[in-house]
Amino acid sequence: MKVFITREIPAIGIEILKKAGIEIEQWEEKRPLTQNELIDFCMQSDALLSAGYNNIDAYFLNKCNHLKVVSLHSVGFDNVDVAEATKLKIPVGHTPGVLNSATADIAFLLMIAVSRKAFYCYEKIKKGAWKFFEPTADLGIELEGKTVGIFGLGNIGFEMAKRCKGAYDMKVIYHNRTKNPKAEKELNAEWVSFDHLLERSDVISLHSNLSEETRGKFDRNAFQKMKRSCIFINTARGAIHNEEDLIEALEKRIIWGAGLDVTNPEPMDKNNPLLTMPSVAVLPHIGSATVEARNGMARIAAQNVIAGLNGEKLPFPVNPEIYRA
Ligand SMILES: NC(=O)C1=CN([C@@H]2O[C@H](COP(=O)(O)OP(=O)(O)OC[C@H]3O[C@@H](n4cnc5c(N)ncnc54)[C@H](O)[C@@H]3O)[C@@H](O)[C@H]2O)C=CC1
Ligand SMILES: O=C(O)C(=O)CO
């Protein structure tokens, strides 16, 4: 049995696969594979371990419908046509849980960085523009006792809410498809409608999946409903907000600031106007970039491959319905 891996992953994942006697072929180049290259490699393999947001669409899946498993080295699965995989009975695996703390830390870091214009002030020093102490310059806003609105209160959203509550005694409100009893009990979190989330939050932090329902949901209309002092944080997926509308909202001071770990497209162009705005902080999609999280992801991704190749239920399937009936 052979697995094709689309980018270097932590050694623990390779060790687990080797121990299970699985042959490994890995993409060695730094550039991302084209879809045709991906198809060519997968034609020679029984499983795919996708570690670089490859486009796993209906075309790919139908070409490679012999695959016994598509294992993602990520929790997000918006790069996969899951409905088509399910139709073709190809199990898709992902890596939930192990990256909750790492990703919530980045959301929390961005929130504080934006509230105090930290990235902008750092750039100021590097440019030699720090001349003297100015009592009215670079003023931020404080977070203590403010309201954080979580959009998508699942695993990572819960960890972000916990940090906000614990560090700043923030009031937690959230908008999610379903209510989250654990967050309501432990964090006194309150479910609110989408409009109330926009209107009441001092900080809005996105933690939902990217889907056709959430694509572009944070647009001009949404920004206009937010407080003028609102800080907008996105560590979920860049396509959940409309970038043009976000730039406009910041330029016209409709909202106060924004912190992004994810952009659309990625990488962000170095001349993007967001990169020079005082109350904006941008990071290059490093939410899960800790040793602990990445090792956990590699381990789970390898375990999903092994289960798929053995014809067993994946430990962490995205489409568990293929095992029913
Ligand atoms: N920046 C980074 O490096 C990382 C980004 N992510 C992103 O974070 C997302 C969330 O990850 P988890 O918390 O593990 O997933 P999760 O499945 O535990 O939580 C997602 C939550 O969003 C909710 N949701 C989905 N669509 C919604 C809608 N239309 N309206 C309201 N709520 C909705 C779901 O009900 C669920 O509670 C991933 O899908 C991924 O895109 C994940 C890890 C790292
Ligand atoms: O897991 C994900 O979905 C990421 O974005 C990176 O870990």
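Residues numbered from 1 in each chain as written. Chains lettered and ligands numbered in written order. Predicted model: local features only at pLDDT ≥ 70, side-chain atom pairs only at ≥ 80, totals over all residues. Heavy atoms only, no water.

In the nomenclature of an unreviewed UniProt entry, the protein chain is known as Glyoxylate/hydroxypyruvate reductase B of Hanamia caeni. Under the Sequence similarities (unreviewed entry) heading, UniProt states for the protein chain: "Belongs to the D-isomer specific 2-hydroxyacid dehydrogenase family. GhrB subfamily." (UniProt positions renumbered as here; feature names shortened; annotations may be inferred.)

Asker: Provide a residue-level description of the sheet that holds strand β4 (residues 69-72), including the pertinent values.
Answerer: Sheet strands pair by backbone hydrogen bonding; their relative direction is either parallel or antiparallel. Across the sheet, five strands lie side by side as β2-β1-β3-β4-β5; this open sheet has parallel pairing. Among the strands making up the open sheet, the edge pair consists of β2 (23-26) and β5 (92-93). Two elements, strand β1 (residues 2-5) and β2, share four bridges in a ladder whose sense is parallel. Paired with K2 across the bridge in β2 is E23. The sheet strands contacting helix α2 (residues 35-43) are β1, β2 and β3 (47-50), and the helix crosses β1 at an angle near 165°. Sitting on the sheet, helix α12 (residues 291-309) is in contact with β1, β3, β4 and β5, with an inclination near 175° to β4. (Pairing = 2+ DSSP bridges. Helix = DSSP H or I, 4+ residues; strand = E, 2+ residues; numbered from the N terminus. Contact = heavy atoms within 4.5 Å. Axes fitted to C-alpha atoms, helices over the stretch in contact; angles between N-to-C directions.)

Asker: Could you give an account of the layout of surface pockets, naming the residues involved and the relevant values?
Answerer: Of the volumes computed, that of the largest pocket is approximately 1,200 Å³. Together, 43 residues line the largest pocket, and R7, Y53, E266, P284 and H285 are the ones closest to its centre. Partitioning the lining of the largest pocket into residue classes produces 19 nonpolar, 11 polar and 13 charged. In this model, the second largest pocket occupies a volume close to 870 Å³. The wall of the second largest pocket is formed by 39 residues, among which V75, H207, S208, N209 and L210 lie closest to the centre. If you list the elements that add at least two residues to the lining of the second largest pocket, you get α5 (100-115) and α7 (155-168). (1 Å grid on protein atoms, 1.4 Å probe; cavity = no way out; pocket = protein on both sides within 12 Å on 5 of 7 lines; lining within 4 Å. Points joined across faces, edges and corners; volume = space filled by probe spheres on them. Nonpolar A, V, L, I, M, F, W, Y, C, P; charged D, E, K, R; others polar.)

Asker: Explain the site of ligand 2 to me, using residue names and the numbers behind them.
Answerer: In the vicinity of ligand 2, the contacting residues are Y53, S74, V75, G76, L99, R237, H285, S288 and M297. Taking G76, its main chain carries an N or O atom lying 2.8 Å from an oxygen atom of ligand 2. Here an oxygen atom of ligand 2 and a side-chain polar atom of S288 are 2.6 Å apart. For ligand 2, whose free accessible area comes to 230 Å², the fraction covered by protein is 90%. At a threshold of 2 Å from the grid points, most atoms of ligand 2 map onto the second largest pocket. Each residue belonging to the shell around ligand 2 can be placed in one class, and the counts come to four nonpolar, four polar and one charged. (Near = heavy atom within 4 Å. Polar contact = N/O pair within 3.5 Å; in protein donor to acceptor, adjacent residues only side chain to side chain. Areas by Shrake-Rupley, 256 points an atom, 1.4 Å probe, with all protein chains shown as cover. Sits in = over half its atoms within 2 Å of the grid points.)

Asker: Residues and numbers for the confidence of the model for the protein chain, please.
Answerer: Confidence in the prediction for the protein chain averages 97 pLDDT; 100% of positions are at 70 or higher. Our summary of model confidence lists the complex with pTM equal to 0.98 and ipTM equal to 0.99. (pLDDT = per-residue confidence, 0-100.)

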